[in-house]
Amino acid sequence: MKDLRTISVTVNGTPYSREVETRRTLADFLRLDLKLTGTHLGCEHGACGACTVRVEGEAVRSCLMLAVQTNGKSVATVEGLAKDGKLTPMQNQFWEKHGLQCGFCTPGILMTMTEFLEENPDPTESEVRDALSGNICRCTGYQAIVDAVLATAAQARGEQ
Amino acid sequence: MKPSPFTYHAPTTTAELTELLGTLDDVRIIAGGQSLMPMMNFRFVQPGHLIDLNTVGGLAYVDVQRDFIEIGASTRQRFLQRSQDIAKHMPIVGEALSHVGHRQTRARGTIGGSLCHFDPSAELVNMAALHDAVLTLTSVDGDRSISFGEFGLGFLTTSVQPNEFLRSVRLARWPEGHGYGFEEFAMRHGDFAICAVSCLMTLDDRGAIDRLAVAVSGVSETPVRLTEMEGRLRGTMPDAGTATDLAAAAGDIEAMSDAYITSDYRSHLARVITRRAFTKATERADQRVRA
Ligand code: FES
Ligand code: FES
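A quick note: this is a predicted structure, and the numbers were derived from the prediction, not measured. Along each chain, the written sequence defines residue order, and numbers are assigned to residues from 1. Here the convention is simple: chains get letters from A, ligands get numbers from 1, in the order in which they are written. Where totals are concerned, whole chains, interfaces and linings use all residues; where local detail is concerned, this predicted model gives features only for residues with pLDDT of at least 70, and gives and counts side-chain atom pairs only at 80 or more. Excluding hydrogens and water, the side-chain values take into account all heavy atoms of the structure.

Things to note about the overall build of chain A
What chain A contains, in helices and strands, is five helices and five strands. Here a strand is any run of E in DSSP of at least two residues, a helix any run of H or I of at least four, and the numbering for each starts at the N terminus. Sequence-ordered secondary structure for chain A, helices as α and strands as β, is β-β-α-β-β-β-α-α-α-α. Taken over C-alpha atoms, the radius of gyration comes to 16 Å for chain A, in line with the 15 Å a tight globule of 160 residues would show. Along the three orthogonal principal directions, the C-alpha set of chain A runs to about 55 × 30 × 25 Å. Only protein chains enter the accessibility calculation, which uses a 1.4 Å probe; a residue whose area is less than 20% of its type maximum is buried, one above 50% is exposed, and one in between is partly exposed. Among the 160 residues that make up chain A, the fraction classed as buried is 52%. Any two residues whose heavy atoms approach within 4.5 Å at even a single point are treated as in contact. Once local pairs closer than 6 in sequence are excluded, the contacts in chain A between residues at least 24 apart make up 53%. Accessible areas in this description were obtained via Shrake-Rupley with a 1.4 Å probe; residue shielding takes into account the shown protein chains only. A total of about 7,300 Å² of accessible surface is found on chain A, and carbon and sulfur atoms cover 50% of it. On chain A, the mean spot of the 16 positive side-chain charges and the mean spot of the 20 negative ones are 6 Å from each other. The quantity called the radius of gyration is restricted to C-alpha atoms. Its globule counterpart is 2.2 Å times the number of residues to the power 0.38. Neither His nor the chain ends contribute to the count of charged residues, in which Lys and Arg are positive and Asp and Glu negative. Throughout, a charge is located at the NZ atom of Lys, the CZ atom of Arg, the CG atom of Asp or the CD atom of Glu.

Set out below in structure tokens:
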């Protein structure tokens with residue numbers, strides 16, 4: 001017998017109410033139930049960070065949370081970053097600095113680093129690397145990602 | 001993979017929680033979920049009932065008392081990392097937390113979850129050993145408090161009974177100005193430690209060791225306190241010779257081996273890292289402090 005619950009979640013500002021199986025992870029809820037496939041699943045056990053979304057503002061791994069646990073909460077995913085087709089400054093810097101190749105890791109990295117810069121608007125390179133440590137990228141070698149994040153921060157401080 | 005089916009419970013009070021624990025079989029409690037969810041996704045663990053600790057109120061707090069700091073089981077690792085009280089009175093905990101997973105996992109992971117999971121290399125398990133933790137377990141019959149030694153039985157195994165949950169942990173405070181050092185070696189930062197060593201120290205007005213605590217993790221199935229050496233080094237000057245004695249004691253712990261790390265290598269790391277933690281604690285210890 002399926003254990004079902006009806007949950008109400010706000011995702012990228014839009015309220016949703018859905019019946020979900022309680023074993024449904026937040027990642028699968030976003031991807032399969034809401035068809036928000038921008039959140040990627042690399043490992044499903046908390047190792048790669050591709051699934052990172054923000055719950056109540058905090059960057060968390062959506063493969064390690066159940067959808068029922070977000071009942072009444074707000075969730076932000078990569079789909080909510082660009083508004084009306086206009087990329088965020090960080091997304092633009094990823095483009096400029098070649099911060100992505102295949103793009104599989106990118107949604108998780110954008111969600112993580114957006115949160116990080118809100119907390120630390122003037123980070124050192126080593127702080128950026130530390131904040132990035134929970135996200136695996138198999139393409140870029142990270143250098144271009146670090147450059148993009150540092151450039152975003154500099155731009156926000158009016159230095160570029 | 002995905003978790004196998006379970007029945008989900010979201011109690012809002014500790015009374016509801018203990019009631020559920022007292023009546024249901026085949027239960028797992030989920031706190032931050034940063035260890036349990038991977039195990040459920042892998043189907044290493046397939047509980048019939050999953051009880052969510054996140055909906056229970058009043059279990060996330062840091063309460064500074066004269067002799068100890070009491071931390072509620074649901075307190076997130078990130079909260080502890082940002083806590084001014086922890087930074088001021090127990091700075092080594094912040095240092096240890098910087099090695100726990102990554103920012104996304106610390107946002108969810110809790111101290112109670114880390115302790116109950118009882119990974120022998122976990123930094124917070126090491127902190128509990130180092131600070132002579134007293135753990136409060138709660139069931140329908142009320143509370144009982146046990147020492148860290150009674151709590152941790154072995155690899156991923158604690159003495160928490162099926163009808164109980166961990167409510168809070170008390171970590172013994174050290175005097176202001178005590179020296180502290182946490183050192184660890186892992187394949188990558190944020191990975192499970194192969195070996196981690198923590199050290200607390202106070203010096204008397206001559207600069208000799210007045211009180212010392214050293215906890216070595218990752219070498220055997222539970223963190224090991226170097227109790228005998230801690231006592232023996234009292235009154236000695238914290239110099240290279242003392243560090244060598246301490247390192248030797250860490251190297252004498254019977255070390256585990258697995259497919260990747262031999263016991264010889266673990267013992268070697270235990271010696272090297274113990275020396276580093278001790279040296280750091282010595283540098284930071286304020287000479288006027290008396291325990
Ligand atoms: S899919 Fe969640 S961390 Fe890899
Ligand atoms: S761009 Fe391909 S994994 Fe990061």
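Alright, that's what it looks like, and here's the rest.
A few points about the domain arrangement of chain A
Residues and elements named next belong to chain A. How far each domain reaches was decided by an automatic or database domain assignment. According to the domain assignment, chain A contains domain 1 (4-80) and domain 2 (89-156). With centres defined by C-alpha atoms, the gap from domain 1 to domain 2 works out at 22 Å. If you look at the interface, domain 1 gives 18 residues, while domain 2 gives 13 residues. Throughout, the accessible surface (probe 1.4 Å) given up by two parts as they are put together, summed over both, is called the buried area. Both sides of the domain 1 and domain 2 interface together cover about 1,200 Å² of buried area, and 57% of this is carbon and sulfur. Interface area lost by domain 1 to domain 2 is led by His-40, Arg-54 and Val-78, which between them contribute 42%.

Brief notes about the packing of aromatic side chains
Residues and elements named next belong to chain B. For Phe, Tyr and Trp, rings pair up if their centres lie within 6.5 Å, where Trp contributes its six-membered ring, and each pair is then called stacked (planes under 30 degrees apart), edge-to-face (over 60) or tilted (otherwise). Counted according to the given criterion, the structure contains three aromatic pairs over all chains. Ring plane angle 35° and centroid distance 5.3 Å describe the contact between Phe-42 and Phe-44, whose orientation is recorded as tilted. A relative accessible area of 66% places Phe-44 in the exposed class. Put simply, the rings of Phe-118, Phe-148 and Phe-151 touch in pairs and so form one group of aromatic residues. Arg-211 extends its terminal NZ or CZ atom over the ring of Trp-174, reaching a point 3.8 Å from the ring centre. Geometrically, a lysine NZ or arginine CZ counts as sitting over a ring once it is within 6 Å of the ring centre and also within 35 degrees of the ring normal.

Considerations on the domain arrangement of chain B
Many structure descriptions define interface size as the accessible area lost when the parts assemble. We note that the domain assignment places domain 1 (7-52), domain 2 (62-172) and domain 3 (179-290) within chain B. Computed from C-alpha coordinates alone, the two centres of domain 1 of chain B and domain 3 of chain B are separated by 36 Å.

Notes on the sheet that holds strand β5 (residues 74-76) of chain A
All names here are of chain A. Strands are labelled as partners when DSSP assigns at least two bridges between them. One open sheet accounts for five strands, arranged β2-β1-β5-β3-β4; its pairing is mixed. Looking at the sheet topology across the chains shown, the edges are occupied by β2 (14-21) and β4 (58-61). The sheet shows a mean angle of 40° between the axes of neighbouring strands, direction not considered. Bridge count between strand β3 (residues 52-55) and β5: two bridges; the pairing is antiparallel. Following the sheet pairing, Val-55 is matched in β5 by Val-75. Each axis is a line fitted through C-alpha atoms, and for a helix only the stretch in contact is used; angles between axes span 0 to 180 degrees, taken between their N-to-C directions. Relative to β2, helix α1 (residues 26-33) is tilted by about 110°, and along the sheet it contacts β1 (4-11), β2, β3 and β5. Contacts from helix α3 (residues 106-119) reach β3, β4 and β5 within the one sheet, and its direction differs from that of β3 by about 45°.

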